[in-house]
Amino acid sequence: MQDDDAMSDVADVEQRDYDAAMTMQDVEEVERQYTDPTAGMSRRVTMMSLTRSREEHIQAFAENPDVIQTMLDQVEAYRNELDMFTEFAAAAHERLRIAAAEYARRVDEDDAR
């Protein structure tokens, strides 16, 4: 029964083919955007907001109510950016895992010959 399960796993891996998801130009564009000095604004606002107490935030909002929405927008932008990179990392990990499993299967097959 174990051999049947192993064969099923091999068949699953073989069926999970994929093409390139990004071009090098896409990667360079993401890198360019991510390394732009202004791109870190949402990260800095997020980190800065963690250094303030509730009362400090309330006082800052009292002094400038427009800052509330700006800060919320910046923190949300940072969360969205992190979500995107988390998705990139998860996809890359899965793709490498699939390719590594197929590589191991081929090596085992060659060794068996």
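Residues numbered from 1 in each chain as written. Predicted model: local features only at pLDDT ≥ 70, side-chain atom pairs only at ≥ 80, totals over all residues. Heavy atoms only, no water.

## Observations regarding the overall build of the chain
To keep things clear, this is the line we draw: Secondary structure elements are defined from DSSP: runs of H or I of at least 4 residues count as helices, runs of E of at least 2 residues count as strands, and each element is numbered from the N terminus. In this analysis, two residues are considered to be in contact whenever any of their non-hydrogen atoms come within 4.5 Å of each other. Note that accessible areas follow from Shrake-Rupley with a 1.4 Å probe, and for residues the cover is restricted to the protein chains shown.
Assigned secondary structure in the chain consists of 5 helices and 0 strands. The linear arrangement of helices and strands in the chain, starting from the amino end, is α-α-α-α-α. Contacts in the chain between residues far apart in sequence, at least 24 positions, make up 74% of those at least 6 positions apart. On the chain, roughly 9,300 Å² of surface is accessible, and the fraction owed to carbon and sulfur atoms is 54%.

## Describing the packing of aromatic side chains
Threshold: A pair of Phe, Tyr and Trp rings is counted when the ring centres sit within 6.5 Å of each other, with Trp represented by its six-membered ring. The angle between the planes then sorts it: under 30 degrees is stacked, over 60 is edge-to-face, the rest tilted. Throughout this description, buried means an accessible area under 20% of the type-specific maximum (1.4 Å probe, protein chains only), exposed means over 50%, and partly exposed covers the range between.
All told, the structure shown has 1 aromatic pair when counted by the stated rule. Ring centres 5.7 Å apart and planes at 90° place the aromatic pair Phe85 and Phe88 in the edge-to-face group. Within this pair, Phe85 and its partner Phe88 are both found in helix H5 (residues 66–112), separated by 3 residues, close to a single helical turn. Judged by its relative accessible area of 24%, Phe85 is partly exposed. Relative accessible area serves as the criterion here: at 31%, Phe88 is assigned to the partly exposed category.

## Remarks on the packing of helix H3 (residues 41–49) against H5
Helix packing for two helices is described by the angle between their axes and how far apart those axes are. Put simply, the rule reads: Lines fitted to the C-alpha atoms define the axes, with helices restricted to the stretch that makes contact. Angles between their N-to-C directions range from 0 to 180 degrees. These descriptions rest on fixed angle ranges, namely under 35 degrees for roughly parallel, over 145 for roughly antiparallel, 65 to 115 for roughly perpendicular, and the rest for oblique. What makes a crossing left-handed is the near helix being turned counterclockwise from the far one by less than a right angle; a clockwise turn instead makes it right-handed. For this classification, the nonpolar set comprises Ala, Val, Leu, Ile, Met, Phe, Trp, Tyr, Cys and Pro, the charged set comprises Asp, Glu, Lys and Arg, and every other residue, Gly included, is treated as polar.
Running from amino to carboxyl end, H3 crosses H5 at an angle of 115°, the nearest separation of the two axes being 8 Å. When the axis of H3 is compared with that of H5, the two are roughly perpendicular. As for the relative orientation of H3 and H5, their crossing is left-handed in sense. Where H3 approaches H5, its residues Met41, Ser42, Arg43, Val45, Thr46, Met47, Met48 and Ser49 are matched on the opposing element by Met71, Gln74, Val75, Ala77, Tyr78 and Glu81. In terms of residue class, the contact of H3 with H5 is built from 8 nonpolar, 4 polar and 2 charged.

## Regarding the side chain of Ser49
You can see Ser49 is positioned in helix H3. For Ser49, the contacting residues outside a window of four places in its chain are His57 and Met71.

## Describing H3
In plain terms, the rule: The arc under discussion is defined with respect to the helix axis, by the directions toward the C-beta atoms.
Taken together, the buried positions of H3 are Ser42, Val45, Thr46 and Ser49. Down the axis of H3, the buried side of the element spans an arc of 100°, and every buried residue falls inside it. Along its buried surface, H3 packs onto helix H4 (54–63) and H5.

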